[in-house]
Amino acid sequence: MNETTEQHSAPHADSLAIYIVIFVLLMALLVATIAIARFDLGSLNVVAALLIAVAKALLVILFFMHVRHNPRITWAFVAAGFFWLGILVTLTLTDYVSRNRPIPDSLSQISPRNAPAAGSNLPSQGH
Amino acid sequence: MSHSADAPLAVAEHPHDPLVAEQFEDLDQQHQAGTLGMWTFLATEVLFFGGMICGYVIYRHLYFEAWHQGSVVVDSFAFLGISAGGWNTAVLLTSSLTVALAVRAAQLGQHRVLVWMLILTMILGVGFLAIKASEYTHEYHEGVVPGWGFFNPDEHIRHDLEHAADQSGINPDLLHRQFQLFWCFYFFMTGTHALHMIIGLGLFTYLLVQALRHRFTPVKHAPVEIIGLYWHFVDLVWIFLFPLLYLIR
Amino acid sequence: MASIAYLPEYDRPHTYLNDRYSIWSWLLTRDHKRIAILYMITITLNFAIGGMAAVLIRLQLLTPHSDLIEADTYNKLFTTHGVMMVFFFLVPSIPTTLGNFLVPLMIGARDLAFPKLNLMSWYLFVIGSAMVIGDVVAGGFDTGWTFYTPYSSTFSNYHVVLGILGVFVAGFSSILTGLNFIVTVHKMRCPGMTWMKLPLFIWSMYATSLILVLATPVLAITLALVALERIFGVGIFDPRLGGDPILFQHMFWFYSHPAVYIMILPGMGVVSELVTSQCRKHPFGYGFIAFSSLAIAIIGFGVWAHHMFVAGISMYGGIVFSLMSFMVAIPSAIKVFNWTATLYKGSVAMTTPMLYALGFIGLFVIGGLTGLWLAALGLDMHVHDTYFVIAHFHYIMVGGAVTAYLGGVHFWWPKMTGKLYPDGWGKIAAFILFLGFNLTFFPQFILGYLGMPRRYYAYPPEFQVYNVLSTAGASILAFGYLLPLCYLLWSLKYGADADDNPHDAAGLEWQTSSPPPTHNFHTIPHAPEPYDYANMEFLHDDIRPYPGVKHT
Amino acid sequence: MNLLHRILFPPQGANIATRVDQFAAFMLVVSAFFTVLIAGLIVYFAIRYRRTPNNRIATQLRGSLSLEITWTVIPFLLTLVMFVGGTRVFVAARHSPENAMEVFVVGKQWMWKVQHPEGRREINALHVPLGRPVKLLITSQDVIHDFGLPGFRTKQDAVPGLYSTQWFTPTLLGESHIFCDQFCGSKHAEMVGTVYVMTEADYARWLAGDPGAVPSAQSGRQLFEQYGCATCHGQYAPTLAGLYGRIVEVVDESGSRRQVVADEAYLRESILFPNQKLVGGYPNRMPSFKSSLSEEQIYDLIQYIKSLSGGADTGPFKGAPIGPATQPVDSEQKIQNPPFSNYRANK
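Brief notes about the overall build of chain D
So, step 1. Helix and strand counts for chain D stand at 7 helices and 14 strands.
So, step 2. The contacts of chain D with a sequence gap of at least 6 include a subset with a gap of at least 24, amounting to 64%.
So, step 3. About 15800 Å² of surface is accessible on chain D, with carbon and sulfur atoms providing 58% of the total.

Structure (structure tokens):
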């Protein structure tokens, strides 16, 4: 049992240079995102800001949080969190973006034209 | 899991490594379980913040103009031409670096580096909270704190809102209410984040005390790694909150 | 302990029960088995509170306009019933009791990965329960367990915040339990225990834990927002202040629909164990049962808005969610067919656990099929928020989850306590519960189709016949629940001692002593072939199906 | 089949109901088939393969891929059929014809207010002509309600801040229920009403029938009862009889006491923002009716409260409960009610 312990614990520390490079990249991305926000690019602003955020997040997750050294199960849990967040946001949005759309006639069965005439399919008029 | 398969070892006489908790076979299993536990917890946290982000996204979709006006105000509190949120992002990204270096120092057994990196991280964390607090104070004076009848935006904000209402054709009263909604989300999201920062500082105080007592060795330093993951996560949340609240117009 | 009192102290086998006796050895225990017992006591109390509320509700509905209780009291009663049963009984029921007890035993571990978190989870649960019970004692709240805004955030005049915070705290208890199970199943399996050798109960607990971990935080934040809205008077979900009440429903059901699978998946796991052991048979289609659990857990996240078809969501959104809701029925159907096929050519012992298991399958089929009615947009438009829905989800939650819970408690009772329960009484109780349940809830399907809305303290007289039937059933049901409580407690003192494997079941948990020692196994176990009934020697071979008295 | 229908299903009051019932019948057949199939199989297997001296050992069967595929694919196809069927009914029920007559429905705690295009209003009732498509425009003034018409097999939530619709063509003369199907507070179960399906001629007559201009005070009294004001006022809250025109000692939000005259403005403010000026010593239990009352209704209520005052006494108003507010002002017993000192103080 002791062998396994020592075997595992041989540190697999990344080199200092990697951390510094990643940090510089992160700061560069931060400067980029602030700079881009100063220009009015229409909806591209949102895309750019979020893409840069995702890039920063990936750098932190993969390098600072060492996920690139981790077993697949860690990858799965990282992915699961974001995947489920995606389910929550996108499926909720399906409701909101499709509200108040007119319903095409082709989808409908009972349209005004083939609506039953008054009392036509009734067994009786009484109650 | 890594011990040999056919070792019928009486549990009572199990020669237990004092570093290893009873339920584990060895340090490796304990370390892996701890890490996986933290990752599972972080997946939970993603959904915790995710609930707020979902609400934020829906309302941004519905009330675009109010959200636009809101982030203009949020972004307007700046030092040297860069908003407080931008500075805070820089502070947090730096603290992520120091945490990563602290973990590296623990792996390599560099005691002094570890202690200094922990201290540096905590200073950065406190710095983040200080900047955030000055932002909150500013926003309080602007009158944009919602709830309990506080919400009473400053004259220039009202003016901007009325102008925006004119431009977009939204009922000014409606816009005013949606604007308040933006601030609800702003304070809940950043407030929950700040709460996580405070918890993180508490955990780092624990780490610092343990580190000063020389409790971490290259063999056993799982707490540094696991709490480090938590800190990185709090940083990650901010990486997304920053563009959502400050940048996106 | 009386029945073994003749044994001198030092001769007694070491078990987790006689490890230490002080109250602190229980309240500060980190042993998953003791925590399971603590949980069992707590949820039984919660069930009793929720059950009493249900009895009062049914009594009130005996006549169309009863003046037994007032409107507001009635509203608080069904809220108490819903909150206690959903958040404080059904969600934790199987995972925290049978799950806590069995997960380490079944995979050959000494304990869960994080015993302290496990204990903390129980304390959080107790605090949450106490907050809600305290709220009820202080006057209660009347929002229904769904806390729909803006009623809950603005209009209700009662103590909503405390109740919400109670559920919030209990949510963290759920998260910790799920987290513990996930890590335990991943990292603590004994040598040879590969994923495809895991008992089906473990698969279902794993799937449940995924939902607990990924859905509960959204409920927590949603309820926190409602509480803040109520405290600070801001309008996150309040239309007067710019909010959207339907967004609350989206976020609430993102948790609360998967929560239904939190309740039923463990039950499915229990039934898989009961059917295989009582038939002495390898499960038919092991892989399909195992992976259908995961499929339910994952697809189950895409169906929540079927609670909102008439709530004002877009028709197109409704169509998407309707399709997903139909799809989640497929893995459930696969399970039912596989259980049925497992019975085929088995050696079926009609024991108490088996009666519960068969009852579960039958009731779950009805609950599941009526679920399809509700998944269909055109029908939901009519029966939504009527007693049809009430009947449907009680078939799933009571007919399904509670029946499985009771079956599981009987099945593992000898392992947990070292005592045998009286099987004859067990069978009588199982029959009474089955009859009482159907009499209570089947008429509610008809009531619902006729249009009787839920949460009505008074109703038009034409609905009375079915309500009387339902109340009659409820009284039988209430009596039926008291029976197991009595004879199980009786068996603690007077029951015969159980041997290690009274059911001749194949799982790893039956290879240790009954009750197990504190560290579960006397030697480090090696994973057996799962459900290896073909190569098993049956020790209790008398034909009467309940053997297992300890041979001394 | 017709007979079976009549036994299983309530009368079909509208075109939608026929479609829903047809689909429900299909679902019932499928559900019954599978319930009987599974229940029959497990009971049969449990008996046929019960443990006996000759059947101690089970025959091990690990599974069968072809069976698994069969019982995956068949339910899958069946659910697709159900999905399409259910969706078609729903789309039809959401797609209102253009010539439908539009009726405005407002839900509020705890009543349904209905306004016909011709201007006639009704409460907790809906009169509709036979055979004409009717489109309901539904909203709520306070919490979420649900306008449920079980006889027509349709319902729709009434959401504050949102207009939603449902439509139907009544096909059966007579009456059926209106239920509020979404829990909305204390008197949820009393938020019920009746749909009257009439012939065109009757409907026209009904529309023309004199709405009989209800005096404000009378509709104010109706509101007073609808909202259950009397459950508090007179017991836990100051009685309103004799209030109008008097001087009242109030506590405002900051806690300071002062005296105000209970005029129309004060009454209006108290209905909308109850905690701004509380009559001294009373807890603030009253919900704001800011969102639930329209201006005209507030006016009605004020008129009603005014009607409760004889107007003779103009001395200081102490707020002591002096009898149920709905009682005539000149009732003698009002002074004998217990003082309010035993009510809990406002926190």
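Brief notes about the pattern of salt bridges
Residue and element names in this part refer to chain C.
So, step 1. With the rule as written, the count across this model stands at 16 salt bridges over all chains.
So, step 2. Its salt-bridge partner being D19, residue R20 comes within 3.8 Å of it at the nearest N-O pair.
So, step 3. Residue D19 is classed as partly exposed on the basis of its relative accessible area of 30%.
So, step 4. One salt bridge in this structure joins K427 and D423, with 3.5 Å as the shortest N-O distance. With a gap of 4 residues between them, K427 and D423 both fall in helix α15 (residues 423-450), about one helical turn apart.

Re the confidence of the model for chain A
Regions with low pLDDT should not have their predicted coordinates read in detail.
Residues and elements named next belong to chain A.
So, step 1. Taken residue by residue, chain A gives an average pLDDT of 73. The fraction at 70 or more is 69%.
So, step 2. Summarising per-element confidence for chain A, the mean pLDDT is lowest in helix α1 (residues 2-9) (38) and highest in helix α2 (residues 16-37) (91).
So, step 3. Overall, residues 1-11 carries pLDDT values under 50, and its contacts beyond four positions in sequence, including any with other chains, amount to 13 contacts.

Thoughts on the interface of chain D and chain C
So, step 1. Each partner contributes residues to the interface: chain D has 83 residues there, and chain C has 89 residues.
So, step 2. Summing both sides of the interface, chain D and chain C together bury roughly 7600 Å²; the carbon and sulfur share of this comes to 69%.
So, step 3. At the surface where chain D touches chain C, the tally comes to 0 salt bridges.
So, step 4. For the side of chain D that touches chain C, the elements supplying multiple residues, two or more each, are α2 (15-48), α3 (65-94), β7 (154-158) and β9 (174-180) of chain D.
So, step 5. Residue contributions to the side of chain D that touches chain C peak at 18 residues, all from α3 of chain D.
So, step 6. When the residues that make up the side of chain D that touches chain C are grouped by side-chain class, the tally is 45 nonpolar, 22 polar and 16 charged.

Re the interface of chain A and chain B
So, step 1. Between chain A and chain B, the residue contacts involve 48 residues of the former and 52 residues of the latter.
So, step 2. Both faces combined, the contact of chain A with chain B buries some 4300 Å², and carbon together with sulfur accounts for 81% of it.
So, step 3. In this structure, the connection of chain A to chain B is made through 0 salt bridges.
So, step 4. For the interface between chain A and chain B, the tally reads 2 residue pairs in polar contact (both at pLDDT 80 or more).
So, step 5. Contributing elements (two or more residues each) for the side of chain A that touches chain B: α1, α2, α3 (44-64) and α4 (72-97) of chain A.

Some thoughts on the confidence of the model for chain D
Residues and elements named next belong to chain D.
So, step 1. The share of residues in chain D with pLDDT of 70 or more is 73%, and the mean pLDDT across the chain is 77.
So, step 2. Per-element averaging of pLDDT across chain D places strand β14 (residues 316-317) at the bottom with 44 and strand β6 (residues 145-149) at the top with 94.
So, step 3. Segment residues 311-347: pLDDT under 50, and 72 contacts once partners within four positions in sequence are set aside and those in other chains are kept.
So, step 4. Scored as a complex, the prediction yields pTM 0.84 and ipTM 0.87.

Quick notes on the packing of helix α3 (residues 71-107) of chain C against helix α8 (residues 245-279) of chain C
All names here are of chain C.
So, step 1. In contact at an axis separation of 10 Å, α3 and α8 are set at 40° when each is read in the N-to-C sense. As far as their axial angle goes, α8 and α3 are oblique. As for how α3 packs across α8, the hand of that crossing is left-handed. Here V86, F87, L90, V91, I94, P95, L98 and M106 of α3 lie close against α8, whose contacting residues are Y255, I262, M263, P266, G267, V270 and E273.
So, step 2. Grouping the constituent residues of the contact of α3 with α8 by class yields 13 nonpolar, 1 polar and 1 charged.

Some remarks on the sheet that holds strand β3 (residues 121-123) of chain D
Residue and element names in this part refer to chain D.
So, step 1. The strand order across the open sheet formed by 5 strands is β3-β2-β1-β5-β8, and the pairing between neighbours is mixed. Each having just a single partner strand, β3 and β8 (164-168) make up the two edges of the open sheet. Averaged over all adjacent pairs, the angle separating strand axes in this sheet is 25°, with direction ignored.
So, step 2. Bridging between strand β1 (residues 101-108) and strand β2 (residues 111-115) involves 5 bridges; their strand directions are antiparallel. Bridge pairing links G107 to W112 in β2.

Some points on helix α14 (residues 387-417) of chain C
Along an α-helix, a turn takes 3.6 residues, which lines up residues three or four apart on a common side.
So, step 1. F411 of chain C marks the point of greatest bend in α14 of chain C, at about 45°, and the proline P414 of chain C comes within the next four residues.
So, step 2. Counting buried positions over the 31 residues of α14 of chain C gives 31, a clear majority of the element.

Structural notes on unusual backbone geometry
So, step 1. Residue T149 of chain C is joined to P150 of chain C through a cis peptide bond whose omega torsion reads -5°.
So, step 2. Backbone torsion omega between Q109 of chain D and W110 of chain D reads -5°, so that peptide bond is classified as cis.
So, step 3. Although it is not a glycine, F147 of chain C adopts a positive phi angle of roughly 55°.
So, step 4. Here F147 of chain C shows up in the loop between α4 (115-137) and α5 (151-155).
So, step 5. On the basis of relative accessible area, F147 of chain C is assigned to the buried category, the value being 0%.
So, step 6. The backbone of R280 of chain C sits at a positive phi, close to 55°, despite the residue not being glycine.
So, step 7. Within the secondary structure, R280 of chain C sits in the loop between α8 and α9 (286-299).

Focus on the pairing of β7 of chain D
Residues and elements named next belong to chain D.
So, step 1. Burial runs high along β7: 5 of the 5 residues are buried.
So, step 2. The alternating pattern of β7 places T154, Q156 and A158 on one face and K155 and D157 on the opposite face, and all of these are buried.
So, step 3. Direction of pairing for β6 relative to β7: antiparallel, over a ladder of 5 bridges. By the bridge assignment for β7, L149 is matched with T154.
So, step 4. Hairpin remark: β6 followed by β7, antiparallel, with 4 residues in the connecting loop; positive phi at R153, about 60°.

Some words on the environment of T222 of chain C
Residue and element names in this part refer to chain C.
So, step 1. By the secondary structure assignment, T222 is in helix α7 (residues 200-232).
So, step 2. Put simply, T222 and F168 are 54 residues apart on the chain and 9.3 Å apart in space, counted from C-alpha to C-alpha.
So, step 3. Excluding residues within four positions of it along the chain, T222 makes contact with F237, F248, M251 and F252.
So, step 4. Within the local environment of T222, its side chain forms a polar contact with the backbone oxygen of V218, the two atoms lying 2.5 Å apart.

Quick notes on the packing of aromatic side chains
So, step 1. One pass over the structure, following the stated rule, counts 78 aromatic pairs over all chains.
So, step 2. Ring geometry for F23 of chain D and F26 of chain D: centres 6.1 Å apart, planes at 35°, overall tilted. Of the two residues, F23 of chain D and F26 of chain D are both situated in helix α2; the distance of 3 residues between them amounts to about one turn of the helix.
So, step 3. Residue classification places F26 of chain D among the partly exposed residues on the basis of a relative accessible area of 31%.
So, step 4. Three or more aromatic residues joined by ring pairs make a cluster, and in this case those are Y56, Y59, Y63, W67, Y136, F179, F182, W183, F185, Y186 and F187 of chain B.
So, step 5. A cation over a ring is seen here: R34 of chain C above W26 of chain C, with NZ or CZ 4.2 Å from the ring centre.
So, step 6. Over the ring of F538 of chain C we find R280 of chain C, and its NZ or CZ is 3.9 Å from the ring centre.

Rules and cut-offs
Residues numbered from 1 in each chain as written. Chains lettered and ligands numbered in written order. Predicted model: local features only at pLDDT ≥ 70, side-chain atom pairs only at ≥ 80, totals over all residues. Heavy atoms only, no water. Helix = DSSP H or I, 4+ residues; strand = E, 2+ residues; numbered from the N terminus. Contact = heavy atoms within 4.5 Å. Areas by Shrake-Rupley, 256 points an atom, 1.4 Å probe, with all protein chains shown as cover. Salt bridge = Lys/Arg side-chain N within 4 Å of Asp/Glu carboxyl O. Buried < 20%, exposed > 50% of the residue type's maximum accessible area, 1.4 Å probe, protein only. pLDDT = per-residue confidence, 0-100. Buried area = accessible area lost by both parts, 1.4 Å probe. Nonpolar A, V, L, I, M, F, W, Y, C, P; charged D, E, K, R; others polar. Polar contact = N/O pair within 3.5 Å; in protein donor to acceptor, adjacent residues only side chain to side chain. Axes fitted to C-alpha atoms, helices over the stretch in contact; angles between N-to-C directions. Parallel < 35°, antiparallel > 145°, perpendicular 65-115°, else oblique. Left-handed = near helix turned anticlockwise from the far one by under 90°. Pairing = 2+ DSSP bridges. Bend = angle between axes of the 7 residues up to and from the residue. Phe/Tyr/Trp six-rings, centres within 6.5 Å; stacked < 30°, edge-to-face > 60°. Lys NZ or Arg CZ within 6 Å of the ring centre and 35° of its normal.

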